[in-house]
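Tertiary structure, described
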2 protein chains.
Amino acid sequence: MDLNALAKAHPAHWSKATAIRALTLDAVAAANSGHSGMPMGMADVATVLFEKHLKFDASNPLWPDRDRFILSAGHGSMLIYSLLHLTGYEQFPLEEIKNFRQMGARTAGHPENFLADAIETTTGPLGQGIANSVGFAMAEELQRAQYGKKIVDHFTYVIAGDGCLMEGISHEAIALAGRHKLSKLIVMWDNNDITIDGPVSLSDKVDQVARFKAADWHVIEIDGHNPDEIDAALTEARKSDLPTMIACKTHIALGHAAQDTSKGHGALTDADQMAAAKAAYGWTTGPFEVPADVKSAWEEIGKHGADDRRNWEERFDAMSRSKREEFNRALAGDAPKKLSATIKAFKKQTSENAPELATRASSEKTLEVLNPLYTETVGGSADLTGSNNTKTADLGVFDVDNRGGRYVYWGIREHGMAAAMNGMALHGGVRPYGGTFMCFTDYARPAMRLAALMQVPTVFVMTHDSIGLGEDGPTHQPVEHLAISRATPNTYVFRPADTVETAEAWEIALSSKKTPSVLSLTRQGLPTVRLEHKNKNLTEQGAYVLADAEGKRQVILIATGSEVEIALKARDLLQAEGIGTRVVSMPCMELFAAQDEAYRRRVLPAGPVRVGVEAAVSQGWDRWLTGERGKWNKADFVGMDRFGASAPAEELFEKFGITPQNVADKAKALL
Amino acid sequence: MDLNALAKAHPAHWSKATAIRALTLDAVAAANSGHSGMPMGMADVATVLFEKHLKFDASNPLWPDRDRFILSAGHGSMLIYSLLHLTGYEQFPLEEIKNFRQMGARTAGHPENFLADAIETTTGPLGQGIANSVGFAMAEELQRAQYGKKIVDHFTYVIAGDGCLMEGISHEAIALAGRHKLSKLIVMWDNNDITIDGPVSLSDKVDQVARFKAADWHVIEIDGHNPDEIDAALTEARKSDLPTMIACKTHIALGHAAQDTSKGHGALTDADQMAAAKAAYGWTTGPFEVPADVKSAWEEIGKHGADDRRNWEERFDAMSRSKREEFNRALAGDAPKKLSATIKAFKKQTSENAPELATRASSEKTLEVLNPLYTETVGGSADLTGSNNTKTADLGVFDVDNRGGRYVYWGIREHGMAAAMNGMALHGGVRPYGGTFMCFTDYARPAMRLAALMQVPTVFVMTHDSIGLGEDGPTHQPVEHLAISRATPNTYVFRPADTVETAEAWEIALSSKKTPSVLSLTRQGLPTVRLEHKNKNLTEQGAYVLADAEGKRQVILIATGSEVEIALKARDLLQAEGIGTRVVSMPCMELFAAQDEAYRRRVLPAGPVRVGVEAAVSQGWDRWLTGERGKWNKADFVGMDRFGASAPAEELFEKFGITPQNVADKAKALL
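What you are looking at is a predicted structure, and each value in this text was computed from that prediction instead of being measured. (Residues numbered from 1 in each chain as written. Chains lettered and ligands numbered in written order. Predicted model: local features only at pLDDT ≥ 70, side-chain atom pairs only at ≥ 80, totals over all residues. Heavy atoms only, no water.)

**Comments concerning the relation of the copies chain A and chain B**
Overlaying chain A on chain B yields an RMSD of 0.0 Å, the required transformation being a rotation through 180 degrees with an accompanying axial translation of 0.0 Å. Put plainly, the chains are arranged around a two-fold axis. Measuring from the rotation axis to each C-alpha of chain A, the shortest distance belongs to A:Gly168, at 1.9 Å. Looking at chain A, 100% of its interface residues are interface residues in chain B too, so the copies touch through the same face. (Least-squares fit on C-alpha atoms with pLDDT ≥ 70 in both. Contact = heavy atoms within 4.5 Å.)

Here it is, written out as structure tokens:
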């Protein structure tokens, strides 16, 4: 590349873009760690985007109608940090840039949404950002349908790299965006022909332009270092009635000795090479120094959107008070006022009627009463709507001609669904839940982890949660997935035993602001076990005494979900022999662990022998059985220590010994 | 569809295809469960494939040079069961068809490779089969390069549905196959426009033909009910020098009242509708009855390949003895004779030299001595070759013009890599290992579970296995992934502490025949802790006493991987205060759990207080700390109870208290 020619052709642009490149080199060198090449390659694209297209106000990072900027290629984090610093975001003073990748800095190795207001999503695991962006764009459409174009009218811009486009999740995301004609989604592909292992062609020769077109995207190909072409492409993209992919031909690590090589992907810290690159840019200031005129030009850009924002605020204030309150409540993630009373009434009615229902059906019944309270819940399923019971009567279906529809047919795309739901939650103003089989937690797993890390309250409705699904066999029977979900920090894993507990779990999940929920629900029918109505949400305590011992308390049975019924029957067997037996229902281990020790001891007093019952692997149970560390109980576990099998469900419970008799026998053996 | 016209045009074909449809209807009805529509829709394609193209000998299902048939749309399992029964596979008598989806039957809900020889892979989780098939086709190419076309020359045929093509993993698989011009891979897409939720268009409008062409596939579009078109397409596909996708336009549940509807996807059990469908087919026999002439025509097809097979055996016998032995050894999954001695020598040298190495580098050093012993190891990485240390000098790179290359640049495709490795292992004759970051276990997870379920010894080389990776931050720092892997049945999770344990782990992993391995390896350098050489593979016992207490044994510290060093330093602190402290290294919990109780007690005797140390969540540790159930020890755990952070590694270990001092303090607090 002839950098001189670039600089001469667009001097004002060049100096601004160079500021990004120079800050990137300096920060990575100071940290002696990071990825220099991507920000250096995409600086031109990002500069034009921020200068001429992105609607934002650096003084007000959370303005609801801002355009969203998603750095899907999250390793290039210095690109976004540079932009946020240069445009004057208060949370990104120069000190943050200097502390890149250091303890406590907002400038973490990869962008983390929970560290700074202006970081819309956490990226780094490749492909997540582009899949989040589908959810962002859908949320915008949904909100626009509800509040009108005067209040909601913004774009979602994404920078994605080759890695994002190779990951399978990108296929799911691209197909969804094309299917739904998400015209306000604009992806800028950093087409630099380089991956870590070498040229892209080592592993990939996909014609990305043809691929996106096959998914019904508008595609524009440009020189990613030519500001005019970038500007024209973004202008064109904003007018398209399809989502747009702009293929930006770029040079990774532009101007550096490592340009166009896989070495350029990583940390470029050689002092001489840095100096040479800066010289080639015509950049003469010292490390971390941005010339005052360049900084002030960038700060002007950071103020461009202030008028827009003020005008928006006027329009917002002109809305009816009820509309404003509804908008703000949904955005804040607050539950509707009627939630608590509605749940209580539903629970009371349920305890009275004592229906026998699969908890997936309990979940549907709960949603039938909850969805009407909300304007922001958005349901969906990865092509298992009838099995996951996620669709309720009033939602409508999200589609090109029904943008207000609150049910999404996600297709056979568990991962894309999960990541897009995260995007919706991050966008704010909508509250997503979506279903698949519990076993396919595996497919959605990277996005489920990110929901927990990002502190968004996405709800994963995971039905068919054990061998109880029967004939579909071990490929569909989860045994380790409760443990997997419970191993993940900041995740509520609910395994309700009946309709009452299911309703309580939904109340918690839909009130949560920072913690995602996994609802583990049965395929098979279960009796109502909570026959005595309590206003209190007992699931909130994680575990509670469902049936206490009659006579001397010798045994405690602890169970979850479909195995609570088995524990109750085992209790009958034991009590019939005069063995006093308590049954503890434990719908949420995380919430029980969060109770104070006095409560935990009250539910699980030392002394009696304990048997845990769950049609899953025992990993994670020892704490509640043998006892919390330093305490001791004789204990055993009835569950699964292998994969399941294909057969009718009742035969499987027999085969694997998850029966009342076996539970009772194990308890007696301990006495 | 005018079934009469179809029947008249190709009467012999029609009766054979109808046998599949009728058996499917009968088996699903008997089970009252299953998926009727797909086998009914794809019966014509499958019939032509088996009759005219598939190279197989029903009397010899494991003939190494057979063509492979992969039913990626595994829910349509009655398609393959019908074919195996009709063509006369001994393992599939009519009784098996009648026992569809019942306890103990080979005819499980979804095809399970470990239940029958002729089932090449386990499918059901959508997209896995098509991704496995990439590995099958690569293994064929690799073996052909080694043994020549006379010995290895077969196709991989795949039937995939819309679900397979929507799943993200299909993108990874298709891109890989196109990149590597896997011309002997032929995918037949069941293009029936139906998913469970409704028409495909509800969720997807991707132009699949254009999509596959964009990935450099040959594509043919046909009427999937016209035997001439099917035959011509397969003939053309076999000649192509690209992988071929045949888009087969079909009618799901052909001839049934539910034809072309999403209801047709599931179990069609209505007696009247079944009778009507059979009448429309002109099928007049009773349930499970195949007319003798039709059955014998099918059985003839099952014998078509017998001559081919005998000729192949002659060619095989004509090979040199050493070539034959090598072929058979690799196929059987037996380790090379020199493996044990090589490992011992390597360990001895290592204990003497006591290098300080990251275990990812230890792994590379081990592979440098092991790969030359093998002809069948195939390494690779999902674009992290230099970080995973998976490439050794002698492997060569698998490519279009180097089919014998034993290293695969998988690209940024953890899931596709894992599933393709499973396919390689299932094909046999090659032994795959592949790397990514431990945190991206998440992306590979569905295929890692299937490796365990399918009982294949795929090796997952997972580096950067804790906060020890430092600045990349929590998106890249695993904390729950050891627990996730350990929760999965039939999986070895190795977390070696140094080069010696790493070599031992590799020995086990590369000797395993039915269990996949996860090698959890550090980014950061570790000292050699096994300074005294033992010939015995101590890792095989899962845990062992690395340093015993001096004086009275008061404390046992149990650690894995990078935390063994910390435990040893904590021991120094404790011993300095006169507190006798044993350090147990526990590189593989699964193998320790498999030891007899006497050994477990010897390593972990009751009495001393215990502290576990692992830079990960504690889930799964209580068993070894508080004690196995029914036994008790005062215990504590030093590890992670939250996501990590972005900062230099040493600072993170300090921040999260994973330090010798903290371990020693915890032990003392328990005393």
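On we go from here.
**Thoughts on the interface of chain A and chain B**
The interface is formed by 106 residues belonging to chain A together with 106 residues belonging to chain B. In total, about 8,400 Å² of surface goes out of reach between chain A and chain B, with carbon and sulfur atoms giving 58% of it. Taken together, chain A and chain B are joined by ten salt bridges. Its salt-bridge partner being B:Asp442, residue A:Arg445 comes within 2.9 Å of it at the nearest N-O pair. Where chain A meets chain B, there are 50 residue pairs in polar contact (both at pLDDT 80 or more). Among the elements that take part in the side of chain A that touches chain B, helix H19 (residues 441-454) of chain A stands out by supplying eight residues, more than any other. When grouped by side-chain class, the residues that make up the side of chain A that touches chain B number 42 nonpolar, 35 polar and 29 charged. (Buried area = accessible area lost by both parts, 1.4 Å probe. Salt bridge = Lys/Arg side-chain N within 4 Å of Asp/Glu carboxyl O. Polar contact = N/O pair within 3.5 Å; in protein donor to acceptor, adjacent residues only side chain to side chain. Helix = DSSP H or I, 4+ residues; strand = E, 2+ residues; numbered from the N terminus. Nonpolar A, V, L, I, M, F, W, Y, C, P; charged D, E, K, R; others polar.)

**Notes on the pattern of salt bridges**
This model, assessed by the stated rule, comprises 82 salt bridges over all chains. Between B:Lys16 and B:Glu51 there is a salt bridge whose closest N-O contact spans 3.4 Å. Highlighted residues: B:Lys16 in helix H2 (residues 11-31) and B:Glu51 in helix H3 (residues 37-53), separated in sequence by 35 residues. On the basis of relative accessible area, B:Lys16 is assigned to the buried category, the value being 6%. The network of salt bridges with shared partners includes A:Glu140, A:Glu141, A:Arg144, A:Asp153, A:Lys184 and A:Arg403. (Buried < 20%, exposed > 50% of the residue type's maximum accessible area, 1.4 Å probe, protein only.)

**Quick notes on the packing of helix H22 (residues 563-576) of chain A against helix H27 (residues 660-670) of chain A**
Residues and elements named next belong to chain A. Running from amino to carboxyl end, H22 crosses H27 at an angle of 55 degrees, the nearest separation of the two axes being 8 Å. For the element pair H22 / H27, the angle class is oblique. The handedness of the crossing between H22 and H27 is right-handed. When H22 is examined against H27, the residues Ile566, Lys569, Ala570, Leu573 and Leu574 are found in contact with a partner set consisting of Pro660, Gln661, Val663, Ala664, Ala667 and Lys668. When grouped by side-chain class, the residues that make up the contact of H22 with H27 number eight nonpolar, one polar and two charged. (Axes fitted to C-alpha atoms, helices over the stretch in contact; angles between N-to-C directions. Parallel < 35°, antiparallel > 145°, perpendicular 65-115°, else oblique. Left-handed = near helix turned anticlockwise from the far one by under 90°.)

**As for helix H8 (residues 168-179) of chain A**
All names here are of chain A. The terminal C-alpha atoms of H8 lie 17 Å apart, and with twelve residues this matches the ideal 16 Å at 1.5 Å per residue to within 8%. Within H8, twelve of the twelve residues are buried, which leaves the element mostly enclosed by the surrounding structure. By the burial criterion, the buried members of H8 are Gly168, Ile169, Ser170, His171, Glu172, Ala173, Ile174, Ala175, Leu176, Ala177, Gly178 and Arg179. Just beyond H8, the residue with positive phi is Lys181, at close to 45 degrees. (Expected span 1.5 Å × (residues − 1).)

**What to know about the side chain of B:Ser363**
By the secondary structure assignment, B:Ser363 is in helix H16 (residues 359-370). Not counting the four nearest positions on each side in its chain, B:Ser363 is found in contact with B:Val461, B:Thr502, B:Trp506 and B:Leu521.

**Looking at the sheet that holds strand S14 (residues 517-520) of chain B**
Residues and elements named next belong to chain B. Spatially, six strands are ordered S10-S9-S11-S12-S14-S13 in an open sheet, and the strand pairing comes out parallel. The sheet is open, and its two borders are formed by strand S10 (407-409) and strand S13 (492-494), each paired with just one other strand. When the angles between neighbouring strand axes are averaged without regard to direction, this sheet yields 20 degrees. Pairing between strand S9 (residues 377-381) and strand S11 (residues 431-437): three bridges, direction parallel. Counted as the bridge partner of Ser381 is Gly435 from S11. (Pairing = 2+ DSSP bridges.)

**Comments concerning the sheet that holds strand S10 (residues 407-409) of chain A**
Residues and elements named next belong to chain A. With parallel pairing, six strands are arranged side by side in an open sheet as S10-S9-S11-S12-S14-S13. Each edge of the sheet is formed by a strand with only one pairing partner; in this case those strands are S10 and strand S13 (492-494). If you compare each strand with its neighbour and ignore which way they point, the axes differ by 20 degrees on average. The sheet contact formed by strand S12 (residues 459-463) and strand S14 (residues 517-520) spans four bridges and is parallel. Pairing of Val461 across the sheet is with Leu519, part of S14.

**With respect to the environment of B:Met42**
All names here are of chain B. Relative to the assigned elements, Met42 resides in helix H3. Distance from Met42 to Gly416, taken between C-alpha atoms, is 26 Å for residues 374 residues apart in sequence. Excluding anything up to four places from it in sequence, Met42 contacts Leu79, Ile159, Met188, Asp190 and Thr250.

**A word on the confidence of the model for chain A**
Per-residue confidence for chain A gives a mean pLDDT of 97, with 99% of residues at or over 70. As a predicted assembly, this complex carries a pTM of 0.98 together with an ipTM value of 0.98. (pLDDT = per-residue confidence, 0-100.)

**So, the pairing of strand S6 (residues 218-223) of chain B**
All names here are of chain B. Across six bridges, S6 lies against strand S7 (residues 244-249) in parallel orientation. Across the sheet, residue Glu221 finds its bridge partner in S7, namely Ala247. In this fold, the crossover linking S6 to S7 by way of helix H10 (residues 227-239) has right-handed handedness. (Right-handed = clockwise from strand over helix to strand, strands pointing away.)

**A short note on the nonpolar core**
In this structure, A:Ile658 and B:Trp217 are the most contacted members of the largest nonpolar core, which totals 119 residues. Not counting residues up to four positions away in its chain, the partners in contact with A:Ile658 are A:Ile467, A:Glu563, A:Ile566, A:Val613, A:Ala615, A:Val638, A:Gly639, A:Met640 and A:Phe653. Core analysis: the second largest hydrophobic core is formed by 118 residues, A:Ile174, A:Ala215, A:Ala420 and A:Met424 among them. (Core = buried A, V, L, I, M, F, W, Y, C linked by side-chain atoms within 4.5 Å.)

**Topic: the packing of aromatic side chains**
Remark: the centre distance and the inter-plane angle together describe each pair of aromatic rings, the angle taken between the planes. A complete count under the given rule lists 40 aromatic pairs over all chains for this structure. Taken together, a centroid distance of 5.8 Å and an interplanar angle of 50 degrees make the contact between B:Tyr492 and B:Phe494 tilted. A relative accessible area of 0% means that B:Phe494 is categorised as buried. Sitting over the face of the ring of A:Phe155, A:Lys184 holds its NZ or CZ atom 4.9 Å from the ring centroid. (Phe/Tyr/Trp six-rings, centres within 6.5 Å; stacked < 30°, edge-to-face > 60°. Lys NZ or Arg CZ within 6 Å of the ring centre and 35° of its normal.)

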